[in-house]
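Structural overview for review
What follows is the residue order along each chain.
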Amino acid sequence: GDDMVVCRGWGDSDRDRGVDANCDTVYDIMSMTKQFTAAAILKLQMQGRLDVTDPIGQHLRGVPDDKQPITIRQLLTHTSGLPDSLGDDYEPVSRSQFLAAAFAADLLAAPGEEYHYSNVGYSVLAAIVEQVSGEDYETYLASNLFRPAGMTRTGYVLPDWHNSEVAVEYDAAGNPHGTPLDHPWAEDGPYWNLRGNGGM
């Protein structure tokens, strides 16, 4: 039924403060964020608002000639030729600044010809979600994906988490790097080097 039977957590939420993880601990899923960006694009296609075969210039302004052939599908499949990244995840970059940098970047390959993992491509997809839906990225995901699935504790800033609920991130050597809330973000979520590709 609707009754929870087991709820547990494992490991540390914050080693320095001696906080154990529990079933309510909130984690940054990092690049797994991309699955939700892809789902948002497919939801917009289901709603008849775009098609994954559309060139990106059909939905974004200022796309230069060398990037006009890039399709939404190529962004989804890391075959657009766009680079992996354009700067630090926490650099205060607006959507327009990010898109200008993405459109000015050299392509690693002609669109559709080679696979090159691209965080940039997924942030461009997040911009397309905003442009096509008329809503900000997280708001669209919350109303069209998360709430219908009962995922009320998934997002950037709309779930009103207290900092103590969010797990500290540790690298492979066990060094702490704080929580996502300890890093500079805009009021509505991460800046655009991270939005849509990570940080959820």
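Please read all numbers here as calculations on a predicted model, not as lab measurements.

Observations regarding helix H1 (residues 33-46)
The end-to-end C-alpha separation of H1 is 20 Å, in line with the 20 Å expected for 14 residues at 1.5 Å each. Each element contacted by the buried residues of H1 is listed here: helix H2 (72-76), helix H4 (119-133) and helix H5 (137-146). Once H1 finishes, Gly-48 follows within two positions and takes phi at roughly 75°, a positive value.

Looking at the state of the cysteines
Counted by the stated rule, this structure contains one disulfide. Two residues share a disulfide in this structure: Cys-7 and Cys-23, whose sulfurs sit 1.6 Å from each other. An S-S torsion of about 115° defines the bridge between Cys-7 and Cys-23 as right-handed. Of this pair, Cys-7 sits in the segment before strand S1 (12-14) while Cys-23 sits in the loop between strand S2 (19-20) and H1; the two residues are 16 residues apart in sequence, bridging distant segments of the chain.

A few points about the environment of Leu-75
Checked against the element boundaries, Leu-75 lands in helix H2. Once the C-alpha coordinates of Leu-75 and Ser-118 are considered, the two residues, 43 residues apart in sequence, prove to be 8.0 Å apart. If we ignore the near neighbours within four places in the chain, the residues touching Leu-75 are Ile-56, Ile-70, Ser-80, Leu-82, Gly-121, Tyr-122, Val-124, Leu-125 and Ile-128.

Some thoughts on the nonpolar core
Ranked by size, the top nonpolar core spans 39 residues in total, and within it Ile-41, Val-124, Ile-128 and Leu-141 carry the most contacts. When contributions to this core are tallied by element, the ones reaching two or more residues are H1, H2, helix H3 (95-104), H4 and H5. For Leu-141, the contacting residues outside a window of four places in its chain are Phe-36, Ala-40, Phe-146 and Met-200.

Parameters and conventions
Residues numbered from 1 in each chain as written. Predicted model: local features only at pLDDT ≥ 70, side-chain atom pairs only at ≥ 80, totals over all residues. Heavy atoms only, no water. Helix = DSSP H or I, 4+ residues; strand = E, 2+ residues; numbered from the N terminus. Expected span 1.5 Å × (residues − 1). Contact = heavy atoms within 4.5 Å. Disulfide = S-S within 2.5 Å. Core = buried A, V, L, I, M, F, W, Y, C linked by side-chain atoms within 4.5 Å. Buried < 20%, exposed > 50% of the residue type's maximum accessible area, 1.4 Å probe, protein only.

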